[in-house]
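Analysis of the macromolecular model
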Amino acid sequence: MRWRRPHFMSTLQGLALALTVWMGLSFCGVRGLVTALRPDMGGWFLLSVLIWLAFPAIYLLDFIRFRYVKWVALVVGLVMLGIEYSAHWHGLIFPGSEAEIANYYAWYNKLYFFGPFDDRIAPDLYYVILDFMIFALVWIAIKRVALRAYH
């Protein structure tokens, strides 16, 4: 196992650090950007903590050139894309009831890249940026799988 030199960061390491910081904002909450996740949210809070802890793990695994880091990154990215689709993007494609839309905007009524709409849900800017970073994570993982990085 060869160690990376710390002053040469890979794109996967940089993205893992960026995701750690960006998703970490949701635990403390930033007024006008993201509502804080709280432990009283139960399962969603625990799932968010586990996913958030996966990003520093991906950084460290890539730092030590762990052979299967590409698969870890791919699984974490795909799980996050599924969660983000079901929580934020499904309502944009398939509009829900007025009560669901009002409930969503009451909780996530923050800064929007596009929207909000009267008849459908539009994710706020925080989640749009988070989703672009997740797409990049999945893209890097797929690229490494295709190139057989670290074999």
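One can find the structure itself at the top, above this paragraph.
Residues numbered from 1 in each chain as written. Predicted model: local features only at pLDDT ≥ 70, side-chain atom pairs only at ≥ 80, totals over all residues. Heavy atoms only, no water.

1. What to know about the pattern of salt bridges
The condition is simple: What counts as a salt bridge is simple: a side-chain nitrogen of Lys or Arg found within 4 Å of a carboxyl oxygen of Asp or Glu. Type-normalised accessible area, obtained with a 1.4 Å probe on protein chains alone, sets the label of each residue: buried when under 20%, exposed when over 50%, and partly exposed for intermediate values.
Inspection of the entire model under this criterion finds two salt bridges. Measuring nitrogen to oxygen at the nearest pair gives 3.2 Å for the salt bridge that ties Arg 38 to Asp 40. With a relative accessible area of 36%, Arg 38 lands in the partly exposed category.

2. Describing unusual backbone geometry
The phi torsion of most residues other than glycine is negative, and most of the peptide bonds are trans. This is how the line gets drawn: Where helices and strands are cited, they refer to DSSP runs of H or I of at least four residues and of E of at least two residues respectively, numbered from the N terminus.
With a phi angle near 60 degrees, Arg 65 is a residue other than glycine that sits in the positive phi range. Note on placement: Arg 65 falls in the loop between helix 2 (43-63) and helix 3 (69-93).

3. Some details on the packing of helix 2 against helix 3
For the record, the criterion: As a rule, the C-alpha atoms of each element are fitted with a line to give its axis, helices using only the stretch in contact, and angles between N-to-C directions run from 0 to 180 degrees. To sort the angles, those under 35 degrees are grouped as roughly parallel, those over 145 as roughly antiparallel, those from 65 to 115 as roughly perpendicular, and the leftovers as oblique. If you view the pair so one helix is near and one far, a crossing is left-handed when the near helix is turned anticlockwise from the far one by less than a right angle, and right-handed when it is turned clockwise. By definition in these notes, contact holds between two residues if any of their heavy atoms fall within 4.5 Å. Gly is placed with the polar residues, together with every amino acid not listed as nonpolar (Ala, Val, Leu, Ile, Met, Phe, Trp, Tyr, Cys and Pro) or charged (Asp, Glu, Lys and Arg).
Remark: helix 2 packs on helix 3, axes separated minimally by 10 Å, with the N-to-C direction vectors making an angle of 155 degrees. Taken as axis vectors, helix 2 and helix 3 run roughly antiparallel relative to one another. Regarding helix 2 and helix 3, the two cross each other, and that crossing is left-handed. Here helix 2 contributes Trp 44, Leu 47, Ile 51, Ala 54, Phe 55, Ile 58, Leu 61 and Asp 62 to the contact with helix 3, which in turn contributes Val 69, Val 72, Ala 73, Val 76, Val 79, Met 80 and Ile 83. Looking at the contact of helix 2 with helix 3, its residues break down into 14 nonpolar, no polar and one charged.

4. Here we look at helix 4 (residues 98-108)
The cut-off we apply is this: The arc refers to the directions leading from the helix axis to the C-beta atoms.
Within helix 4, burial applies to Ile 101, Tyr 104, Tyr 105 and Tyr 108. Each buried residue of helix 4 lies within a common arc of 90 degrees when the element is viewed along its axis, so the set occupies one face. Turned more than 90 degrees from where helix 4 packs its buried face, Ala 99, Asn 103 and Ala 106 sit exposed. Check the buried side of helix 4 and you find it contacts helix 3 and helix 5 (125-147).

5. Remarks on the environment of Gly 14
Tracing the sequence through the fold places Gly 14 in helix 1 (residues 11-28). With relative accessibility at 28%, the residue Gly 14 sits in the partly exposed group. It is 11 Å that separates the C-alpha atoms of Gly 14 and Phe 63, two residues lying 49 residues apart in sequence.

6. Re helix 2
The cut-off we apply is this: In this analysis, the expected span of each helix is defined as 1.5 Å times one less than the number of residues it contains.
Spanning 21 residues, helix 2 covers 31 Å between terminal C-alpha atoms, matching the ideal 30 Å at 1.5 Å per step. Taken residue by residue, helix 2 has Phe 45, Ser 48, Ile 51, Ala 54, Phe 55, Ile 58, Tyr 59, Asp 62 and Phe 63 as its buried positions. Elements in contact with the buried residues of helix 2: helix 1, helix 3 and helix 5.

7. Regarding the side chain of Ser 26
Selection rule: Two N or O atoms form a polar contact when they lie within 3.5 Å of each other; inside protein one atom must be a possible hydrogen donor and the other a possible acceptor, and for residues adjacent in sequence the pair counts only when both atoms belong to side chains.
Within the secondary structure, Ser 26 sits in helix 1. A polar side-chain atom of Ser 26 sits 2.6 Å from the main-chain carbonyl oxygen of Met 23. Not counting the four nearest positions on each side in its chain, Ser 26 is found in contact with Val 34, Thr 35, Ala 36, Leu 37 and Tyr 126.

8. Let's talk about the nonpolar core
As a reminder, the rule being used: To define a nonpolar core, start from buried Ala, Val, Leu, Ile, Met, Phe, Trp, Tyr and Cys residues and group those joined through side-chain atoms within 4.5 Å.
If you look at the biggest cluster of nonpolar residues, it comprises 37 residues, and the most contacted ones within it are Leu 19, Phe 55, Ile 58, Tyr 126 and Leu 130. Put simply, the parts of the chain that give this core at least two residues each are helix 1, helix 2, helix 3, helix 4 and helix 5. Counting residues per element, this core draws most heavily on helix 5, which supplies nine residues.

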